[in-house]
Amino acid sequence: MTLDINRPDLVVGVVGTGAMGRGIAQVTAQGGMKALMYDAAEGGAARAKAGILETLKGLASRGRLADADVARTDANLAVADSLAALKGCNIVIEAVFEDLVVKRKLFAEIEAAVSPETIIASNTSSIRIASIAHSLKHRDRVCGMHYFNPVPLMKLVEVIRAADTAPWVVDAMVALGKRQTRVPVVVGDTPGFLVNLGGTAIGTEGLRIFQEGRATPSQVDAVMRDTCGFRMGPFELMDLTGIDVNFPARKIIYEGFFHDRRMTPSPYHESLFAAGKLGRKTGGGWYSYDSKGAKIDPGADHLPSVVPAASVVVMDSHNEKLVQLVLASGAKALAVDDGRSPILVAPVGKDCTTTVVERNLDPRRTIAVDLTGDTARRITIMTAPGGDDLVRDAASAILARTGAKVTLIKDSPGFIAQRMCAMIANLGCEMAMIGIASAADVDTAMTLGLNYPRGPLALADWLGVKNCHEILVQLQAITGDDRYRPSQWLRRRAQLGISATTVE
Ligand SMILES: NC(=O)c1ccc[n+]([C@@H]2O[C@H](COP(=O)([O-])OP(=O)(O)OC[C@H]3O[C@@H](n4cnc5c(N)ncnc54)[C@H](O)[C@@H]3O)[C@@H](O)[C@H]2O)c1
């Protein structure tokens, strides 16, 4: 069987015309297809159609859309007054409340109304498609079509292939997504699908760093923005989406993967949820917000100290980027310890304590520097317990002379940026390995769905695949936590010295 998405008489039914259904109907109609909208609420679909046209007319009045486009979209949008009216649809996309019982009942009603060849898709964000399709007669024509909010602006759509979904259905829905001017990626029917699963890495690792008392939310966010190019750090993102949305989502994914420690939620996250401190919407979450809703950021910078910058530092090992930083500051770099100057080291995956002990350095004078990413904007430093604050500040002042902001955190294997990026990359590698999506689609989906500066596999390449693997090996060895075990996909590519995006 096939369905030609370009046939001129194609009709796409949209059931549930709230925030998502309305957007799905809009991109369908703008793609030149007929969209037949139905909502259980009296007048709901008509209101949704009026809302779409109002938005488009607003764009046209500002010259951002031609009047002819508005008229064409108007002509493509129709309102159905019952489910039975969807009878002739080639495809029906459901976007009602996120409730399995409601969706199962609705799918049975849709199946009774349409022909056996009609594709029926759900826009669910967390329910397994196979479970919605469970009691239908023709489960092979059921799949997921997971759009992102707001639909007209978010280009990604995940086409979810459930156990019984026929290949022709996947092909047709990929073609539909393209006609709707989306970027479709084909994804397995696993908890969180692709983007919501991939997105757990940044959140859970940020929470882990905070829980261990290594850094504040503000420090984690600033490092991710400034050194790694993320538009937002994990804590500001949690506050924006709402703790009532992201804490339950984390739990569902953790349960769904049978307590895989890579996805472990944090009790600190739950504490905010329980307290009703849900983020921006309640005026407080990880951050506080003023009466105008602006974030009150306690700051991530190690403030300049009265201690003058050291004129001489000891460079424990030859690291070109570190040497350049020191030279740019105007300080002199010594290869041999003079017994008094700050000692700068740049560990990969290790904490300052381990580095000091392994290399037999003076723990009071050793400062670990993270060279990950854009060190022109921000540099993270840490010392071992008992480190001398004056020596540390003399070294910090040297780094600040380069124009970078300095973030001082507590001793941690992998600092912030190494830990966070390696964990994002590792989960992406795992998703590619277990076939949740192709390696290319993992990167496409994470950049489009979450606005990441690069996808997880490209992030492994950015860190250096061997480096990325080493960070995880060290994190696992030092913490003893299985959470940091490297994905076998990553290990193989690190051993071979090839890109993480290399397919098998
Ligand atoms: N909002 C998001 O950010 C987002 C993102 C991706 C996916 N989703 C998923 O999309 C779906 C819809 O979410 P939403 O935010 O648009 O919800 P919404 O509450 O804005 O809209 C739901 C609509 O469904 C209608 N409805 C409820 N039961 C119905 C039934 N039996 N028949 C017909 N219409 C019915 C309601 O009247 C309402 O208009 C959910 O499954 C949600 O998980 C939401």
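The coordinates are above.
Below: a short report on this structure. What you see as residue numbers is a count from 1 along each chain, following the sequence as written. Selection of residues for local features in this predicted model requires a pLDDT of at least 70, selection of side-chain atom pairs for listing and counting requires 80 or more, and totals for whole chains, interfaces and linings are taken over all residues. In computing side-chain values, all of the structure's heavy atoms are included and hydrogens and water are not.

1. A few points about the overall build of the protein
Under the DSSP-based scheme used, a helix requires at least four consecutive residues in state H or I and a strand at least two consecutive residues in state E, with every element numbered from the N terminus. What the protein contains, in helices and strands, is 20 helices and 16 strands. Along the longest, intermediate and shortest principal axes, the C-alpha atoms of the protein span 85 × 50 × 40 Å. Going through the 504 residues of the protein one by one, you find that 54% of them count as buried. Pairs of residues are marked as contacts when any of their non-hydrogen atoms sit within 4.5 Å. Expressed as a percentage of contacts within the protein between residues at least 6 apart in sequence, the contacts between residues at least 24 apart total 70%. Residue exposure ignores everything except the shown protein chains as possible cover, and the areas themselves are Shrake-Rupley values with a 1.4 Å probe. Carbon and sulfur atoms provide 55% of the accessible area of the protein, an area that totals close to 20800 Å². Asp and Glu are treated as the negative residues and Lys and Arg as the positive ones, with His and the ends of the chain left uncounted. A charge is said to be at NZ when it belongs to Lys, at CZ for Arg, at CG for Asp and at CD for Glu. Treating the 56 positive side-chain charges of the protein as one cloud and the 54 negative ones as another, the clouds have centres 2 Å apart. Categorising residues by exposure relies on relative accessible area from a 1.4 Å probe, with only protein chains included: less than 20% of the type maximum marks a residue as buried, more than 50% marks it as exposed, and the intermediate range marks it as partly exposed.

2. Description of the pairing of strand β6 (residues 142–147)
Both faces of the sheet carry side chains from a regular strand, because those side chains alternate between them. Taking burial as the measure, the six residues of β6 include six buried ones, the bulk of the element. Across the two faces of β6 the burial is the same, with Val142, Gly144 and His146 and Cys143, Met145 and Tyr147 all buried. Relative to β6, strand β5 (residues 119–122) runs parallel, the two being bridged by three bridges. Residue pairing for β6: Ile120 is matched across the bridge by Val142. When DSSP finds two or more bridges between two strands, those strands count as paired.

3. Focus: the sheet that holds strand β1 (residues 11–15)
Pairing is mixed across the open sheet formed by eight strands, whose spatial order is β3-β2-β1-β4-β5-β6-β7-β8. Two strands close off the open sheet at either side, each with one partner strand: β3 (77–79) and β8 (183–188). In this sheet, neighbouring strand axes are inclined to one another by 25° on average, regardless of whether the strands run parallel or antiparallel. Inspection of the sheet shows β1 paired to strand β4 (residues 91–94) by four bridges, in the parallel sense. When the sheet's bridge partners are listed, Val15 is paired in β4 with Glu94. Only C-alpha atoms enter the line fits that serve as axes; for helices the fit covers just the stretch in contact. Angles between N-to-C directions range over 0 to 180 degrees. Here helix α4 (residues 100–113) sits on the sheet in contact with β1, β4, β5 and β6, set at roughly 165° to β5.

4. Overview of helix α12 (residues 267–275)
Structurally, the start of α12 carries an N-cap: the backbone nitrogen of Tyr268 is 3.0 Å from a side-chain oxygen of Ser266. Of the residues flanking the end of α12, it is Gly276, one or two places downstream, whose phi is positive at about 75°. By the criterion applied in these results, polar contacts are pairs of N or O atoms within 3.5 Å in which, for protein atoms, one can donate a hydrogen and the other can accept it, and in which residues neighboring in sequence qualify only through two side-chain atoms.

5. Things to note about the sheet that holds strand β11 (residues 312–315)
Overall, mixed pairing links the six strands, which are arranged β12-β11-β13-β14-β15-β16 in an open sheet. Every other strand in the sheet has two partners, leaving β12 (332–334) and β16 (405–408) as the edge strands with one partner each. Adjacent strand axes in the sheet meet at a mean angle of 35° when their direction is disregarded.

Spatial relationships are all this shows, so hold off on functional conclusions.
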